[in-house]
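Here is what each chain is made of, one letter per residue.
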Amino acid sequence: MAQGNNYGQSSNGVADESPNMLVYRKMEDVIARMQDEKNGIPIRTVKSFLSKIPSVFSGSDIVQWLTKNLSIEDPAVYLCKRTMQNKARLELADYEAESLARLQRAFARKWEFIFMQAEAQAKVDKKRDKIERKILDSQERAFWDVHRPVPGCVNTTEVDIKKSSRMRNPHKTRKSVYGLQNDIRSHSPTHTPVPETKPPTEDELRQEIKYWQIQLDRHRLKMSKVAESLLVYTEQYVEYDPFLLAPDPSNPWLSDDTTFWEIEASKEPSQQRVKRWGFGMDEALKDPVGREQFLKFLESEFSSENLRFWLAVEDLKKRPMREVPARVQEIWQEFLAPGAPSAINLDSKSYDKTTQNVKEPGRYTFGDAQEHIYKLMKSDSYPRFIRSSAYQELLQAKKKGRNIPIFPCHKNCTPTLRASTNLL
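Fair warning: this is a prediction, and the values are worked out from it, not measured in the lab. (Residues numbered from 1 in each chain as written. Predicted model: local features only at pLDDT ≥ 70, side-chain atom pairs only at ≥ 80, totals over all residues. Heavy atoms only, no water.)

### Topic: the overall build of the protein chain
- A tally of helices and strands in the protein chain yields 20 helices and 2 strands.
- The buried share of the protein chain, reckoned over its 424 residues, is 30%.
- Within the protein chain, contacts between residues at least 6 apart in sequence are counted, and of these 55% link residues at least 24 apart. (Helix = DSSP H or I, 4+ residues; strand = E, 2+ residues; numbered from the N terminus. Buried < 20%, exposed > 50% of the residue type's maximum accessible area, 1.4 Å probe, protein only. Contact = heavy atoms within 4.5 Å.)

Given below as structure tokens:
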């Protein structure tokens, strides 16, 4: 018994600070609770054919006691509740999904009860205020990140944190290099006193609160989804990379034949070029023929002013500075001024900011307005263009090897607009 009393102490009477002591103490505490006369594991006398075996308990008794007293199903309730919350930031990670499946198999008999507990907790959480709910979710997640860490990480509940912190900050240890039980800073010449830290000011606390609020609302993506998107992008563009697939004609980077570049720059787009317009609006705008076809489609719907404004602003960015002020006024009068012949639809915020920028004209005077128009075209005009019969017919014709006439810019286009369609 004397040996047991000195179990957590070293030979000189000082408490043992080895990292495993915390685990040992937990095990001792569990065993002591098992031996409790009232709430411990029931110990019985087992009768056999000709004898009795006193003070016996079975393995099933231990499992039942652990399940009842150590709240083993709590992680299952937490993970089950996470699956009920349809939020990207609360989505289960891969290792958590595996843990949930493992717990579901282990608690198959009482899984319905665990699910009911999770459902009840989720209902209570929904009644809370939004900010309070975010805080509680963060606290709960932090608790389980500590007690059920990611595989491969150190479980901090099984490590002596005090000793670890003293190893990182040797000037705080109570054992000096001279073997004395005092502060090392008063004896060792190699350690200088550390200045006392000042309490944070009110402004610093507000900045910290603001930072953590932003972190709570921050959108996160699982690495598996990012990798999946990257694979989809790679598979989509693999046929356009002359280093991965040999082009026909030959790769101009590896030979002296420039026929490949000449075909790519021609007014008669290949099937690959036409197909690429459907990958995104940037692909259609980057190709001169794609821009021309997109503009032609919008003119047929009498809604070409957005694209003409966007092209005019792109052209403005490449003008010499001496021409910029005059060109800014031309764009303003044509698209944004009261009673403009090709008025575009802007939100009030972008319009007010552009109105202020026009007073000091520059290459990026229409930056906010251009961004707003770009989003409008991307969400409305471009999808209609891709679904239009004009694009589909062009795509099918190129697949069959036929050429259809590529129409020039509309007859009402200005000379500046005709030049801007030849960008890039």
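### Section: unusual backbone geometry
- Positive phi outside glycine occurs at F302, with the angle close to 55°.
- By the element assignment, F302 lies in the loop between α14 (288-300) and α15 (305-317).

### Points about the packing of aromatic side chains
- Counted by the stated rule, this structure contains 13 aromatic pairs.
- Through a chain of ring-to-ring contacts, three or more aromatic side chains come together here, namely W277, F294, F297, Y382, F385 and Y391.
- Its guanidinium or amino end placed over the ring of Y240, R276 lies 4.9 Å from that ring's centre, counting from NZ or CZ. (Phe/Tyr/Trp six-rings, centres within 6.5 Å; stacked < 30°, edge-to-face > 60°. Lys NZ or Arg CZ within 6 Å of the ring centre and 35° of its normal.)

### Comments concerning the environment of M281
- One can find M281 in helix α13 (residues 281-286).
- Expressed as a C-alpha distance, the spacing of M281 and I386, which sit 105 residues apart in the sequence, is 9.5 Å.

### Focus on the confidence of the model for the protein chain
- Of all residues in the protein chain, 75% attain a pLDDT of 70 or more, and the chain-wide mean is 76.
- Low pLDDT, under 50, characterises residues 170-191; the predicted model gives this stretch 30 contacts beyond four residues in sequence or across chains. (pLDDT = per-residue confidence, 0-100.)

### Details of the packing of α14 against α15
- Viewed as axis vectors pointing N to C, α14 and α15 meet at an angle of 145°, and their least axial separation amounts to 9 Å. From α14, R291, F294, L295 and L298 reach across to α15, where they touch L307, R308 and L311.
- Considered class by class, the residues forming the contact of α14 with α15 number 5 nonpolar, no polar and 2 charged. (Axes fitted to C-alpha atoms, helices over the stretch in contact; angles between N-to-C directions. Nonpolar A, V, L, I, M, F, W, Y, C, P; charged D, E, K, R; others polar.)

### Overview of a nonpolar patch on the surface
- A cluster of nonpolar residues, F243, W253, L254 and W261, forms a patch on the protein surface that exposes about 550 Å² of accessible area.
- Looking at where F243 falls in the secondary structure, it is placed in the loop between α10 (223-237) and α11 (259-264). (Patch = residues over 30% accessible without salt bridge, like charges linked within 9 Å, V, L, I, M, F, W, Y side chains within 5 Å. Areas by Shrake-Rupley, 256 points an atom, 1.4 Å probe, with all protein chains shown as cover. Salt bridge = Lys/Arg side-chain N within 4 Å of Asp/Glu carboxyl O.)

### Description of the nonpolar core
- Counting 38 residues, the largest nonpolar core has F294, L307, F309, L336 and F366 as the members making the most contacts within it.
- Mapped by element, the contributors of at least two residues to this core are α12 (271-277), α13, α14, α15, α16 (324-336), α18 (367-387) and α19 (389-399).
- Core analysis: the next-biggest nonpolar cluster, separate from the first, contains 13 residues, L79, C80, F107 and A118 among them. (Core = buried A, V, L, I, M, F, W, Y, C linked by side-chain atoms within 4.5 Å.)

### Some remarks on the pairing of strand β2 (residues 52-56)
- The buried fraction of β2 amounts to 0 of the 5 residues, a small share that puts the element mostly on the outside.
- In this structure, strand β1 (residues 44-47) lies alongside β2, joined through 3 bridges in antiparallel fashion. Bridged to V46 within β2 is I53. (Pairing = 2+ DSSP bridges.)

### Some remarks on the packing of α14 against α18
- Where α14 meets α18, the axes come as close as 10 Å, and the angle between the chain directions of the two elements is 100°. With respect to each other, α14 and α18 are oriented roughly perpendicular. Two secondary-structure elements touch here, α14 through Q293, F294, F297 and L298 and α18 through S381, Y382, R384 and F385. (Parallel < 35°, antiparallel > 145°, perpendicular 65-115°, else oblique.)

### Quick look at the environment of L103
- Relative to the elements of secondary structure, L103 occurs in helix α5 (residues 94-106).
- Spatially, the C-alpha atoms of L103 and V77 are 9.8 Å apart, while their sequence positions differ by 26 residues.
- Residues within four places of L103 in sequence aside, it is in contact with P75, A76, L79 and W111.

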